[in-house]
Amino acid sequence: MRKLAWAARGISAATGALLLGALMVPSAAASGGPTPEPEHGKKKCGPVARHVSTAAAEYGVVYGTVFRLTTDRDGHAFLNDGRNPGVWIDLKAVPNAPKCVVDTALSITGVTSVGPQLDITLLSKSGVLYEARCTTSATPFSPTNLAGTCGVGFQAVQATPV
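This text gives an overview of the structure that appears in the document. (Residues numbered from 1 in each chain as written. Predicted model: local features only at pLDDT ≥ 70, side-chain atom pairs only at ≥ 80, totals over all residues. Heavy atoms only, no water.)

Looking now at the overall build of the protein. Helices and strands together make up the secondary structure of the protein, namely three helices and eight strands. Mapped from its N terminus to its C terminus, the protein presents α and β elements in the order α-α-β-β-β-β-β-β-β-α-β. Burial statistics for the protein: of 162 residues in total, 33% are counted as buried. Intrachain contacts of the protein at a sequence separation of at least 6 include 50% that bridge at least 24 residues. Carbon and sulfur atoms make up 62% of the accessible area of the protein, which totals about 9700 Å². (Helix = DSSP H or I, 4+ residues; strand = E, 2+ residues; numbered from the N terminus. Buried < 20%, exposed > 50% of the residue type's maximum accessible area, 1.4 Å probe, protein only. Contact = heavy atoms within 4.5 Å. Areas by Shrake-Rupley, 256 points an atom, 1.4 Å probe, with all protein chains shown as cover.)

Following the criterion strictly, the structure yields one aromatic pair and no others. With 5.9 Å between their ring centres and 50 degrees between their planes, Phe 67 and Phe 141 make a pair best called tilted. Residue Phe 67 is found in strand S2 (residues 66–71), and its partner Phe 141 is found in the loop between strand S7 (129–135) and helix H3 (146–149); the two are separated by 74 residues along the sequence. Note on accessibility: Phe 67 and Phe 141 belong to one class, buried. (Phe/Tyr/Trp six-rings, centres within 6.5 Å; stacked < 30°, edge-to-face > 60°.)

Let's shift gears to the sheet that holds strand S1 (residues 52–56). The strand order S1-S2-S3-S4 describes an open sheet built from four strands, whose pairing is antiparallel. Two strands in the sheet have a free side with no partner beyond their single neighbour: S1 and strand S4 (89–90). (Pairing = 2+ DSSP bridges.)

A word on the sheet that holds strand S6 (residues 116–124). Strand order in this open sheet of four strands is S5-S6-S7-S8, and the pairing throughout is antiparallel. With one partner strand each, in any of the chains shown, strand S5 (101–111) and strand S8 (155–156) form the two edges of the open sheet. Where S6 and S7 come together, seven bridges link them in antiparallel fashion. In the sheet register, Ile 120 faces S7, and the bridge partner there is Ala 132.

This part takes up the pairing of S7. Remember that side chains alternate between the two faces of the sheet whenever the strand is regular. Only one face of S7 is covered, namely the face carrying Tyr 130, Ala 132 and Cys 134; the face carrying Leu 129, Glu 131, Arg 133 and Thr 135 is uncovered. With antiparallel pairing between neighbouring strands as the criterion, S6 and S7 make up a hairpin whose turn holds four residues, including Gly 127 at a positive phi of roughly 95 degrees. Taken together, the two bridges between S7 and S8 define a ladder with antiparallel strand orientation. Within S8, the position partnered with Glu 131 by the bridge is Gln 155.

Scanning the model with the defined rule gives three salt bridges in all. For Asp 81, the salt bridge goes to Arg 83, with nearest N and O atoms at 2.7 Å. Judged by its relative accessible area of 0%, Asp 81 falls in the buried class. Here Arg 133 and Asp 119 are joined by a salt bridge, their closest N and O atoms 2.7 Å apart. Here Asp 119 lies in strand S6 and Arg 133 lies in strand S7, a separation of 14 residues in the sequence. Its relative accessible area of 12% is what places Asp 119 among the buried residues. (Salt bridge = Lys/Arg side-chain N within 4 Å of Asp/Glu carboxyl O.)

Everything listed is a geometric property; what it means functionally is a separate question.
Written as structure tokens, this is what we have:
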């Protein structure tokens, strides 16, 4: 009976050590790194909360224009140029757009020879920020011209801390 009690204690100690080791492993090492972005339209992304961002141009050929950026519950992001009422552009048209967007931000920065820049920032579900800088002009953004105004498209912000 003493041998059986000693064996039971040994198994309990080994199990406890194994569990403690599993709890001590950093989550990034345990998961193998960041999770890949889910595909558009697949339920792995949604439902997510809806978010809205706006920016108003205070100078240049787009003076007074309000730009709006929003997400839907499936993680898609859409842009509206106030000069093109009712037209919402799915940002997956812009190269390298994240597939599962959980938050948005817009700002208008530097002026080029054509017009100010519209900076679009998207936070993906995996915690990576993506930014695109699109050049505004006298022509409103539309689904057919937006990608061409955004240079290389969305780029991941290095060392995003979330």
